[in-house]
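# Architecture at a glance
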Amino acid sequence: MTGAIARPRVAIIGTGAIGGFYGVMLARAGFDVHFLLRSEFSAVAERGLHVDSAVHGALTLNPVQAYSSAQDMPPCDWLLVGAKTTSNADLAPALIAAAAPNAKVLLLQNGLDVEDSLRPLLPDSLHILGGLCLVCVHRTEPGAITHQALGTVNVGYHSGPAADEPARMAIVEEGAGLFRSAGIESQAMPNLHQARWQKLVWNIPYNGLSVLLGAGTTQLMADADSRELIKALMAEVVLGAEACGHTMPAGCADYLFTMTEKLPDYWPSMYHDFLHKRPLELAAIYARPLAAAKAAGCELPRIEALYRGLSFIDRRNT
């Protein structure tokens, strides 16, 4: 009789809304989850993590395996990065400290090419993957998270020691399996770059307009002018993706537009960053897609105008 296969040990690097929500879900499913925190370490160590979920009910994880330093964490097989892309350049030491040999680093972040800034800073032995989160979640206070809707995480391989496509997809399927084990929908994405463009179809209009217009999804979807602006921005994202060689799924913009109409009023993560005077994720969500499209000979004037307006707001705000 053989023993049970040990489940992988998981690290959450950046325990905000995204990291906290998925970390709690994985821990409740029986995974050995370790949470890295900075400013909220004391609150979480003392009171635990609490998720008020419209989908899963009231969830509490207490005690939490919480750390203020990655050097104190045990070696972890999967490292889920919930930190903002604005901090990626500083993440490498923490990831190296917390990584087991041959670990998988999964970036649960928005934007294009977010993995590229980390790759040269990490050992070649570590796998880097991207995670596309379709979820309405925000932090309300230290250690407290509100989950309004959705939750899907789609996973794709970026780079690392996997020798060929079957080996890469096996790792991607393992990552998707983590989330499925926790009751979260997850698909393996064969083309991470295309998947990131697809996520931008939602992120570019709704994140930016929430800041520019000071409105959540309910107000944005209720007004005729903002609805037309959202559709025009979505169409430009699809145009940029196709110029870069990616065929978007038929009707993906219409699907995301219709899906948003059915959501409870949601204020995207960029609005919360603006509200708390944190740097906006403009490079990952706007500058890189604009540059990639321009390099392919494609101008995206509406997205460019939105980016310039947000850049002004960001400089004045921070």
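Bear in mind the structure is a predicted one, so any value in this text is a computation, not a measurement. (Residues numbered from 1 in each chain as written. Predicted model: local features only at pLDDT ≥ 70, side-chain atom pairs only at ≥ 80, totals over all residues. Heavy atoms only, no water.)

## Quick notes on the packing of aromatic side chains
Note the threshold: Put simply, two rings from Phe, Tyr or Trp (the six-membered ring, in Trp's case) pair if the centres are within 6.5 Å, and we call them stacked under 30 degrees between planes, edge-to-face over 60, tilted for the rest. A helix here means a DSSP run of H or I that spans at least four residues, while a strand means a run of E at least two residues long, and both kinds are numbered starting from the N terminus. Here's how the labels work: a residue is buried when its accessible area is under 20% of the maximum for its type, exposed when over 50%, partly exposed in between, all with a 1.4 Å probe on protein chains only.
Overall, the coordinates contain 7 aromatic pairs when judged by the stated rule. With centroids separated by 5.7 Å and ring planes inclined at 80°, the aromatic side chains of Tyr22 and Phe179 adopt a geometry described as edge-to-face. With Tyr22 in helix H1 (residues 17–28) and Phe179 in helix H4 (residues 165–181), the pair connects residues that are 157 residues apart, well separated along the chain. Neither Tyr22 nor Phe179 differs from the other in exposure class; each is buried. Taking the centre distance of 6.4 Å and the plane angle of 40° together, the rings of Trp202 and Tyr266 count as tilted. You can see Trp202 sitting in helix H5 (residues 192–213) and its partner Tyr266 sitting in the loop between helix H8 (252–261) and helix H9 (269–275), a full 64 residues away along the chain.

## Side note on the pattern of salt bridges
In plain terms, the rule: Salt-bridge detection follows one rule: a side-chain nitrogen of Lys or Arg within 4 Å of a carboxyl oxygen of Asp or Glu.
Scanning the entire structure with this criterion turns up 12 salt bridges. Here Asp273 and Lys84 are joined by a salt bridge, their closest N and O atoms 3.2 Å apart. Separated by 189 residues along the polypeptide, Asp273 in helix H9 and Lys84 in the loop between strand S6 (76–81) and helix H3 (92–98) bring together distant segments of the chain. A relative accessible area of 1% places Asp273 in the buried class. Its relative accessible area of 27% is what places Lys84 among the partly exposed residues. For Glu173, the salt bridge goes to Arg180, with nearest N and O atoms at 3.6 Å. Since its relative accessible area comes to 38%, Glu173 is described here as partly exposed. When salt bridges with common partners are traced through the structure, they connect Lys84, Asp273, Arg278 and Glu281 into a single cluster.

## Examining helix H11 (residues 301–317)
What counts here: One fewer than the residue count of a helix, multiplied by 1.5 Å, yields its expected span. The contact criterion used throughout is that any non-hydrogen atoms of two residues lie within 4.5 Å.
With 17 residues, H11 extends 24 Å from end C-alpha to end C-alpha; this agrees with the ideal 24 Å at 1.5 Å per step. Within H11, the full set of buried residues consists of Ile303, Leu306, Tyr307, Leu310, Ser311, Ile313, Asp314 and Asn317. As for H11, its buried residues are in contact with H5, helix H7 (224–243), H9 and helix H10 (282–295).

## Details of H4
To keep it simple, the criterion reads: Directions pointing from the helix axis toward each C-beta atom define the arc. Contacts described as polar in this section are N or O atom pairs within 3.5 Å, which, within protein, must combine one atom able to donate a hydrogen with one able to accept it, while residues neighboring in sequence count only if both atoms come from side chains.
With 17 residues, H4 extends 24 Å from end C-alpha to end C-alpha; this agrees with the ideal 24 Å at 1.5 Å per step. Regarding H4, the residues found buried are Ile171, Val172, Gly175, Ala176, Leu178 and Phe179. The buried residues of H4 occupy an angular sector of 140° when projected down its axis, which confines them to one face. Check the buried side of H4 and you find it contacts H1, S6, strand S7 (99–107), strand S8 (127–141), strand S9 (144–159) and strand S10 (186–189). The opening residue of H4 is Asp164, an N-cap whose side-chain oxygen sits 2.9 Å from the backbone nitrogen of Ala167. Just beyond H4, the residue with positive phi is Gly183, at close to 80°.

## Things to note about the packing of H5 against H7
Just so we agree on the cut-off: Structural elements are reduced to axes, namely lines fitted to C-alpha atoms, with helices fitted over the stretch in contact, and the angle between N-to-C directions of any two is expressed from 0 to 180 degrees. Working rule for handedness: look at the near helix, and if it is turned counterclockwise from the far one by less than a right angle, call the crossing left-handed; if clockwise, right-handed. Gly counts as polar in this scheme, as do all residues outside two lists: the nonpolar Ala, Val, Leu, Ile, Met, Phe, Trp, Tyr, Cys and Pro, and the charged Asp, Glu, Lys and Arg.
Running from N to C, H5 and H7 cross one another at 145°; their axes reach a closest spacing of 9 Å. Judged by the twist between their axes, the crossing of H5 over H7 is right-handed. Residue-level contacts link Trp197, Leu200, Val201, Ile204, Pro205, Tyr206, Leu209 and Leu213 of H5 to Ser226, Leu229, Ile230, Leu233, Met234, Val237, Val238, Gly240 and Ala241 of H7. Across the contact of H5 with H7, the residue classes break down as 15 nonpolar, 2 polar and no charged.

## Remarks on unusual backbone geometry
Asn62 connects to Pro63 through a cis peptide bond whose omega is 10°. With respect to the element layout, Pro63 can be found in the loop between strand S4 (57–61) and strand S5 (66–67). Positioned with a positive phi, Asn102 is a non-glycine residue whose angle comes to about 65°. With a phi angle near 60°, Asp113 is a residue other than glycine that sits in the positive phi range.

## With respect to the state of the cysteines
We apply this condition: In what follows, a disulfide is any cysteine sulfur pair within 2.5 Å.
Taken as a whole and judged by the stated rule, the model has 0 disulfides. No disulfide involves Cys252; its nearest neighbouring cysteine sulfur is the one of Cys244, lying 15 Å away. Take Cys252: its relative accessible area is 8%, and that puts it in the buried class.

## Quick word on the environment of Ile184
Relative to the assigned elements, Ile184 resides in the loop between H4 and S10. Considering only alpha carbons, one finds Ile184 and Ile12, 172 residues apart in sequence, at a separation of 16 Å. Look past the residues within four positions of Ile184 in its chain and what remains in contact with it is Tyr22, Met25, Gly151, Thr152, Val153 and Phe179.

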